[in-house]
Amino acid sequence: DFKGARTLKADKNTATVSKLDGGTQVHLRVRSIGSKGEFSAWATPITATTTVPETDPVRVASYNIVCHSCGKAPWSTRRIPVASLIAEQNPDVVGVQEAQQSRPKGFNVSQFDDLVRALAQTGADYRVTDRAIGASKGTRILYKPSTMTLLKTGAIRYSRQSGGATSRYAAWAILRQRSTGREMVFFSTHLEPKSYSVRLAQSRQLAASIAGIAGKRPVVAVGDFNASQFHYYAVHQAMTGAGLV
C-alpha cells in the first residue's frame, strides 16, 4: 500500500535509490511531473530484490580497554588514544572487556558509554548492543550501525564464578550485515583469570551456549580468555570443540 514509503524526486529520467540493505525485496512505483507541477497517475508497481555482493568481509576486533578504576593512567587520559586505536582499525563489530558499567571519575556516564562518545570524537559512529546496567558488567559489544543491523542481544552469566571476585559474563548479539543481508552471531567474553578450574568450566559453558544460540549462523567469539599455554590448551580445546577455528 506504500504507506510510509520513501519518496525520491528525480530531475532526469533515471534515479538511484541508495542505503538499501542487500538481498531485500523492495516495491517501486513512478509517476511523472508536468511542466506546471501537475502529477500523472502512478504507474503499475514493480517488485525487485537488491543485489548482494559476492564478497564483503566483516571486520571484527577484540580489546580489553582496562577498567577505569584499575588502570595506572586515568580514563580521562586514556579514552581518546583507546578510541583512536579502535577507530583506526575500523571494525564492523568489536568486543570490549573491562569497559565498566560504573562512571569514571569526572564523567556522567558509564565507561562503555563514554567509549562510544570518545569514538564519536574521532569521527567513528558505534553503538553498544546492550546499554543496560548489569546486563554483562564490563563485557560489551560495539557495532557500526552503518554496516550492521542489530537483531537480537543477550548475555550469559557463567554458573561457575570465583567467590568474592568480579562476576564473569559472555555478551552475545545477532547481527545482519547491511550490504549482503547475511546474519552472524558475535560473542564477547572475559574469563576468570586466577582459577584454572573455574576458567575451564566457563569456557565449556561458552562453547555450549554458542551451539545453542547460533544455530546455522556463522559465529565469531572474541574476548580476554586468560588462557595459558601451561594448562594443556584446555580453553582452546573447549572452543575448537564447539566448531570454532
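Structural data are supplied above this passage.
Cut-offs and rules
Counting restarts for each chain: residues are numbered from 1 in the order of the written sequence. pLDDT decides what is reported in this predicted model: residues at 70 or higher carry local features, side-chain atom pairs at 80 or more are listed and counted, and totals for whole chains, interfaces and linings draw on all residues regardless. The side-chain quantities take in all heavy atoms of the structure and omit both hydrogens and water. A 1.4 Å probe rolled over the protein chains alone gives each residue an accessible area, and that area as a share of the maximum for its type sets the label: buried under 20%, exposed over 50%, partly exposed in between. Secondary structure elements follow DSSP: runs of H or I of four or more residues count as helices, runs of E of two or more count as strands, with numbering from the N terminus. Pairing between two strands is assigned when DSSP locates at least 2 bridges connecting them. Note on method: axes are straight lines fitted to C-alpha atoms, helices fitted across the in-contact stretch only, with angles between N-to-C directions ranging 0 to 180 degrees. We call two residues contacting when some pair of their heavy atoms lies within 4.5 Å. The cut-offs work like this: below 35 degrees is roughly parallel, past 145 is roughly antiparallel, 65 to 115 is roughly perpendicular, and the gaps in between are oblique. Helix crossings fall into two classes, left-handed where the near helix is turned counterclockwise from the far one by less than a right angle and right-handed where it is turned clockwise. Side-chain classes are defined by residue name, with Ala, Val, Leu, Ile, Met, Phe, Trp, Tyr, Cys and Pro counting as nonpolar, Asp, Glu, Lys and Arg as charged, and the others, Gly among them, as polar.

**Topic: helix 2 (residues 111-121)**
Counted residue by residue, helix 2 has eight buried out of 11 residues, so it is predominantly covered. For helix 2, the complete set of buried residues consists of Gln111, Phe112, Asp113, Asp114, Leu115, Val116, Ala118 and Leu119. Trailing helix 2 by a residue or two, Gly123 shows a phi angle of about 95 degrees, which is positive.

**Considering the sheet that holds strand 7 (residues 148-157)**
Taken together, four strands build an open sheet; the order of strands is 7-8-9-10 and the sheet is mixed. With one partner strand each, in any of the chains shown, strand 7 and strand 10 (219-224) form the two edges of the open sheet. Neighbour-to-neighbour, the strand axes of this sheet turn through a mean angle of 20 degrees, independent of strand direction. Two elements, strand 9 (residues 183-190) and strand 10, share six bridges in a ladder whose sense is parallel. Bridging from a neighbouring strand, Phe186 pairs with Val220 of strand 10. Packing against the sheet, helix 3 (residues 196-214) makes contact with strand 7, strand 8 (169-177), strand 9 and strand 10, and its axis sits at approximately 160 degrees to strand 9.

**Examining the packing of helix 1 (residues 75-89) against helix 2**
The geometry of helix 1 relative to helix 2 is characterised by a closest axis approach of 8 Å and an angle of 60 degrees between their N-to-C directions. One finds that helix 1 runs oblique with respect to helix 2. For the pair helix 1 and helix 2, the crossing hand works out as right-handed. Contact with helix 1, carried on its side by Trp75, Arg78, Arg79, Ile80, Val82, Ala83, Ile86 and Ala87, involves Gln111, Asp114, Leu115, Arg117, Ala118, Leu119 and Gln121 of helix 2 and no other residues of that element. Among the residues forming the contact of helix 1 with helix 2, the class breakdown is nine nonpolar, two polar and four charged.

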